[in-house]
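So the chains spell out like this:
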Amino acid sequence: MRPLLALLLILPSLSFAQSRLGADDAAILQEGLAVTADAFVLPAYAAQEAAATNLRDQLDAYCTGDGDIAVVHTAFADVFLTWQRSSIVQVGPITEAEGPMRVQLWPDPKGFARRAVRTALAAEDPALVAPDGLDGRSIALTNLTALETLIYDPLPVQSYACDLATAIAAFQADLAAHLVAAWTPGSAFRGEYDTAISGNPRYPNVDTLVREFLAGAIVYVDRLRKFKLLRGLGEATGEARPERTEARRSGLGLPSIETSFRTLADFYETPFGLFDVAPDIGGSMEYYVLGETARSIADTIAIDPRPLDEIVAEDGTSASELRRFADLVLYQESFLKSGFSGSIGLTTGFTAADGD
Amino acid sequence: MATRRSLLGQVALGLGVMACRGLVAQPADRAHYVGVETSIATGLSRALFVSSSGERLGATDLDFRAHGMAQHGSVLAVFPRRPGNRVALARTDSLEILTVIDAPRGRHFFGHGAFTADGATLLVAENDLATLHGGVGVYETRAPFRRLGQIDLPGPGPHEIIRHPTRDLFFIALGGIETHPDYGRLPLNLDVFRSQILELDIRRSGVGEFGHWDGTEGISLRHLAFGADETLMIGGQLVDPERGRPTNILWQCRKGQGEIVTAGRLLAGYVSSVASRGDDTLVTSKEAHLALLLRDGEVVEATRVDGASAAALTSKTAVYSGYRRIEIGSTTLGTADGREFDNHGLALA
């Protein structure tokens, strides 16, 4: 180890880990990351914020007797699906506190969300439905799974249940607004993001930021395969269990899978984004083939009008096809874990979430 | 009657046996350190045995992702990363796996454990999936490797367990956080969790609170090491920034009184590993990418390491690892292709 004198010299001036990348390569990746932030991340969060704000407004109107529950359901679908897109980003503010499950707690095999809703409805605590009343409350109550439970049960207007649903939508709108603000150029987080190349307390170098992006995407594809697809379908014919599929009440399970594949394609193929600039430094071009494959799968899924749980219950040809798609996700996972990072001279690395 | 010819023959045979012993001696006999090397593609680990000069001596392949380790004599216990449910017992000389212990139904392991002083029993940190409370599973370390029982703990999230240097008194870092594998690594009691250090007297099966200090709110105490004068070094991780401070993650405790080690403020709110030997303590942080060598709580040496995680102090030198390298004394050992070094390492006795 280096002696203390070296530490004293190191800490004030260069207190960040040395990049494994050359300066030119790091600059290219930093630029690609900035484009990914502006062209993919920020629009994804902005769409989520707009959808959540609209849901809050639609619920507000419905609860005062001036709306239609079908419109509320459509607005919920928009929020739910915009989140399926932005959840590929597990970098920065979304990873804080309880992380992405602040937006959607699923799978929820113990029924925490349902129980939290039931408890809240029984107590009818006015503090919960007051402005900002859900801040700091259990995510079991404030997430989209809880909201789905509320709005797909009978929802009487001018009821506590209606006010609670509106409060949850408002909480989600605030959270999405916070994410938009954090990713907008000029914010504190964005400042650290954009200067990773020079090192800062959050990102000692570009390597760390790339790793964080990749680690989040790996979690995303892993969830797509294990949870969204195989949790209900099972590994083989005869193992299907429709009650284990996602968003069964709202029927959004299949659109969620479609959105996830389309998101992968768009994430990879963001022009001049992280993956698109990597070939300039010798990075793999496999992203394009994988992106197009994902887009093709999304287009195929979009044709089927049936709800996911119906396909799973039937356990026929469509279910088998979805299982094949799950197998194809393994290629995405392999690319993100080692193919891409290896091609630019990085390792995936273990993150704090990966530590213990 | 022994003739000169037969005597010479016996001498020659004896010399041959001695020479053969040298030839067949297991290379891992020279190991000073065991690290965990994990495949990026498969997520499966192997225990890698390394000499004091940084030479790879061999490895034991595992069918799970490994986390912490413990040693007694020639037996090495390798624990799985939570929520793994298999613990491997391997020989440190031949590297063969003696057995793999499965967690009982409804429980998983937390990544750490410790042997009793006689090596006959292994204590393993566990999670009870019904209550989400922590427990210590007690296992035989010789065939038939039975589970002897369990000791319930007064809270969730037990992590590292270490034994007192001279007796069967164990210290347990009770991280305090409820988790269930169905929810990934989501902390289910983030806003109210409380971490503490427990004492376990195995002969009495008695669990008591060893320490619980102001300033640890929002910090999950995870890693432990015994230093000189029975000083317990404690590494934590900031989990709830609303209640805790990133400066309060490294503690030392003498005679039951905990105090913050100020060098912890360099560690970005996250201690990966702690190791102590005599007056020295080695602390790593994969968030700060830093390995610190402390003496009496003061930083005496420091090194930047990308993803600093494992820490060990052998009889000869300090050892620490990052994602892609182990620093062992003045030697650097890189990972094999497609692998990375994982959270912990162990100095072999």
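Residues numbered from 1 in each chain as written. Chains lettered and ligands numbered in written order. Predicted model: local features only at pLDDT ≥ 70, side-chain atom pairs only at ≥ 80, totals over all residues.

Bringing the pairing of strand E19 (residues 257-260) of chain B into the picture now. Residue and element names in this part refer to chain B. Pairing analysis gives four bridges linking strand E18 (residues 250-254) to E19, with the strands arranged antiparallel. Note that in E19 the partner of Arg 254 across the bridge is Gln 257. As consecutive antiparallel partners, E18 and E19 are separated by two residues, and within that stretch Lys 255 has a phi angle of approximately 50°, a positive value. (Pairing = 2+ DSSP bridges. Helix = DSSP H or I, 4+ residues; strand = E, 2+ residues; numbered from the N terminus.)

This brings us to the pairing of strand E20 (residues 273-277) of chain B. All names here are of chain B. For E20, a buried count of four out of five residues is recorded, marking the element as mostly surrounded by other parts of the structure. The pairing of E20 with strand E21 (residues 280-285) spans five bridges and is antiparallel. Following the sheet pairing, Val 274 is matched in E21 by Val 283. What sits between E20 and E21 in their antiparallel hairpin is a turn of two residues, with Gly 278 showing a positive phi close to 60°. (Buried ≥ 20, exposed ≤ 12 C-beta atoms within 10 Å, placed from the backbone.)

Mapped onto the elements, Gly 99 of chain A comes out in the loop between helix H3 (69-86) and helix H4 (112-123). Overall, Gly 99 of chain A belongs to the partly exposed group, with 17 C-beta atoms counted inside 10 Å. Filtering out sequence-adjacent residues up to four positions away, Gly 99 of chain A remains in contact with Ile 94 of chain A together with Leu 186 of chain B. (Contact = placed C-beta atoms within 7 Å.)

Residues and elements named next belong to chain B. The strand order across the open sheet built from four strands is E3-E2-E1-E28, with neighbouring strands paired in antiparallel fashion. Two strands bound the open sheet, and with one partner strand each, they are strand E3 (56-61) and strand E28 (339-347). This sheet shows a mean twist of 25° between the axes of neighbouring strands, independent of strand direction. Here strand E2 (residues 45-51) runs beside E3; their pairing, made up of five bridges, is antiparallel. In the sheet register, Arg 46 faces E3, and the bridge partner there is Asp 61. (Axes fitted to C-alpha atoms, helices over the stretch in contact; angles between N-to-C directions.)

When two helices pack together, their arrangement is given by the angle between their axes and by how far apart the axes lie. Residues and elements named next belong to chain A. For the pair helix H10 (residues 206-233) and helix H15 (residues 317-343), the least separation of the axes is 9 Å and the interaxial angle reads 165°. With respect to H15, the element H10 is oriented roughly antiparallel. With respect to the hand of their crossing, H10 and H15 are arranged in left-handed fashion. Here H10 contributes Leu 214, Ala 217, Ile 218, Val 221, Asp 222, Leu 224, Arg 225, Leu 229, Leu 230 and Leu 233 to the contact with H15, which in turn contributes Ala 319, Leu 322, Arg 323, Phe 325, Ala 326, Val 329, Gln 332, Glu 333, Leu 336, Lys 337, Phe 340 and Ser 341. (Parallel < 35°, antiparallel > 145°, perpendicular 65-115°, else oblique. Left-handed = near helix turned anticlockwise from the far one by under 90°.)

Residues and elements named next belong to chain A. Leu 29, Val 79, Ala 146, Leu 147, Ala 165, Ile 168 and Ala 169 are the most contacted members of the largest nonpolar core, which totals 111 residues. Ranked by residues supplied to this core, first place goes to helix H2 (residues 23-63) with 16 residues. Setting aside its immediate chain neighbours within four residues, Ala 146 contacts Ala 113, Ala 116, Val 117, Ala 140, Leu 141 and Ile 168. (Core = buried A, V, L, I, M, F, W, Y, C linked by C-beta atoms within 7 Å.)

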